[in-house]
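Listed here are the chains, written in short residue letters.
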Amino acid sequence: MSLVNLEAVHKRFGEFEVLSNINLSVSEGEIVAIIGRSGSGKSTLLRCINGLEPVQQGRITVDGTEVTAANADLNNLRQRVGMVFQSYNLFPHLSVERNVTLALKVVRKTPYAEARDIAHEVITKVGLADKFGAYPDELSGGQQQRVAIARSLAMGPKVMLFDEITSALDPELVGEVLRVLEALAADGMTMLLVTHEMKFAKTVGNRTVFMHEGRIHEEGDSRETLEHPRTPELTGFLDAVLH
């Protein structure tokens, strides 16, 4: 059974259809890279999966919960669907520890000692054990993004959504974030990633989805899809990104 399933999903902003007849199934433990030009619907697709954007037609289910149902408990859903954005969205006045434990204490009502233990575990997992008491302005962009990943992992999600999380980083910081994603993949985390990192998509992604004008234009095994594109649209996109 698919962990994430989208059936005939349509999403409009006014008269503009940003997603058109999207059908996509993601199995547990699968890593799906989502690529395409700006405005092709990639980020909107992720936002619809965890209910940040409503859809006009179609059905989305995640871990057995119908996201598109009128009575869907989206707060409960988002504890199982972690999402990390391009901007880090850390609280500047809170330490790394408190940024990570805040949702555990407020949303889950987790006792402080337990929340602190969870924070230690996930902060160590992203390679920042020595930054537990640091504040965001004392960290590099790559370190802040890793804290954002740790904050999502602390909730114990079944699936992680990543929306171009390296695009705002200096090139030398991108690798440290991608290494964290590689470790999550090795641990079996289900992930959907909007990314322009083609090498990462090819080597770590099980499947690549190419979005074009609001539709899934091509999809398939990552290496095969990226090395042997079947349409001129994907060929042109890869030429632009890789050269």
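Residues numbered from 1 in each chain as written. Predicted model: local features only at pLDDT ≥ 70, side-chain atom pairs only at ≥ 80, totals over all residues. Heavy atoms only, no water.

Convention followed: UniProt positions are given in the numbering used here, feature names are shortened, and annotations may be inferred rather than shown by experiment.
The chain carries the name Amino acid ABC transporter ATP-binding protein in an unreviewed UniProt entry, which gives Psychromarinibacter sediminicola as its organism. As recorded by UniProt, the Sequence similarities (unreviewed entry) comment attached to the chain reads in full: "Belongs to the ABC transporter superfamily." According to UniProt, the comment filed for the chain under the heading Subcellular location (unreviewed entry) is "Cell membrane".

## Thoughts on the overall build of the chain
Heads up, the condition is: In DSSP terms, a helix is any run of H or I states spanning at least four residues, a strand is any run of E spanning at least two, and both are numbered starting from the N terminus. Using C-alpha atoms as the atom set, the radius of gyration is obtained and then compared with a globule rule of 2.2 Å times the number of residues to the power 0.38. Only protein chains enter the calculation, and the probe is 1.4 Å; a residue is then buried if its accessible area is under 20% of its type maximum, exposed if over 50%, and partly exposed in between. Any two residues whose heavy atoms approach within 4.5 Å are treated as being in contact.
Within the chain, the secondary structure is distributed over nine helices and 10 strands. In summary, the chain has a C-alpha radius of gyration of 18 Å against a globular reference of 18 Å for 243 residues, a match within 12%. When each of the 243 residues of the chain is scored for burial, the buried share is 52%. Expressed as a percentage of contacts within the chain between residues at least 6 apart in sequence, the contacts between residues at least 24 apart total 65%.

## Digging into the pairing of strand 7 (residues 159–163)
Applied cut-off: When DSSP finds at least two bridges between two strands, those strands are taken to pair. When the strands point away from the viewer and the connection leading from the first strand across the helix to the second strand turns clockwise, the crossover is called right-handed.
Burial analysis of strand 7 places five of its five residues in the buried class, the great majority of the element. Residues Val159, Leu161 and Asp163 point to one face of strand 7 and Met160 and Phe162 to the other, with burial holding for every one of them. As defined by bridge partners, strand 6 (residues 81–84) adjoins strand 7 across four bridges and the pair is classed as parallel. By the bridge assignment, Met83 is partnered in strand 7 with Leu161. Sheet analysis places strand 7 next to strand 8 (residues 190–194), joined by five bridges and oriented parallel. Within the sheet, the bridge partner assigned to Phe162 lies in strand 8 and is Leu193. Crossover connection from strand 7 via helix 6 (residues 171–186) to parallel strand 8: handedness right-handed.

## Overview of the pattern of salt bridges
Heads up, the rule is: Between Lys or Arg on one side and Asp or Glu on the other, a salt bridge is scored when a side-chain nitrogen of the former is within 4 Å of a carboxyl oxygen of the latter.
Enumeration according to the criterion identifies 15 salt bridges in this entry. The shortest N-O distance in the salt bridge between Arg116 and Glu97 comes to 2.9 Å. Of this pair, Arg116 sits in helix 4 (residues 112–125) while Glu97 sits in helix 3 (residues 96–106), and the two are 19 residues apart along the sequence. What makes Glu97 buried here is its relative accessible area of 10%. Residue Lys125 is joined to Asp187 by a salt bridge in which the shortest nitrogen-to-oxygen separation is 3.9 Å. With Lys125 in helix 4 and Asp187 in the loop between helix 6 and strand 8, this residue pair connects regions lying 62 residues apart in the sequence. The network of salt bridges with common partners includes Glu7, Arg59 and Glu66.

## Examining the nonpolar core
Rules: Residues belong to a common nonpolar core when they are buried Ala, Val, Leu, Ile, Met, Phe, Trp, Tyr or Cys residues joined through side-chain atoms within 4.5 Å.
With 40 residues, the main nonpolar core has Ile123, Ile149, Phe162, Leu181 and Met191 as its most contacted residues. Only helix 3, helix 4, helix 5 (141–153), strand 7, helix 6, strand 8 and helix 7 (198–204) provide two or more residues apiece to this core. A per-element tally of this core places helix 6 first, with eight residues. With near-sequence residues (within four places) excluded, Met191 lies in contact with Glu30, Ile31, Val32, Met160, Phe162, Leu181, Leu184 and Ala185. Of all hydrophobic cores here, the second largest spans 28 residues; its members include Val4, Leu46, Met83 and Val159.

## Re the sheet that holds strand 7
Picture the strands of a sheet paired through backbone hydrogen bonds; they go either parallel or antiparallel. This is how the line gets drawn: Helix axes are fitted only over the stretch in contact, all axes being lines through C-alpha atoms; the angle between N-to-C directions runs from 0 to 180 degrees.
One open sheet accounts for six strands, arranged 6-7-8-3-9-10; its pairing is mixed. With one partner strand each, in any of the chains shown, strand 6 and strand 10 (215–221) form the two edges of the open sheet. Averaged over all adjacent pairs, the angle separating strand axes in this sheet is 15°, with direction ignored. Sheet strands in contact with helix 5 are strand 6 and strand 7, and its direction is about 170° off that of strand 6. Relative to the sheet, helix 9 (residues 232–242) contacts strand 3 (31–35), strand 9 (207–212) and strand 10, its axis offset from that of strand 9 by approximately 100°.

## Examining unusual backbone geometry
Despite not being glycine, Ala8 shows a phi value in the positive range, around 50°. With respect to the helices and strands, the residue Ala8 is situated in strand 1 (residues 4–13). Taking relative accessible area as the criterion, Ala8 reaches 32% and is therefore assigned partly exposed. In this structure, Asn21 is a non-glycine residue whose phi angle is positive, near 55°.

## Describing the packing of aromatic side chains
To keep it simple, the criterion reads: Planes of paired rings set the category: under 30 degrees apart is stacked, over 60 is edge-to-face and the rest tilted, where pairs are Phe, Tyr or Trp rings (Trp by its six-membered ring) whose centres lie within 6.5 Å.
Using the criterion set out here, one finds one aromatic pair in the structure. Each ring, one from Phe210 and one from Phe237, has its centre 5.7 Å from the other, and the planes form 35°; the classification is tilted. Placement of the pair is Phe210 in strand 9 and Phe237 in helix 9, with a sequence separation of 27 residues. For the pair shown, Phe210 and Phe237 are each scored as buried.

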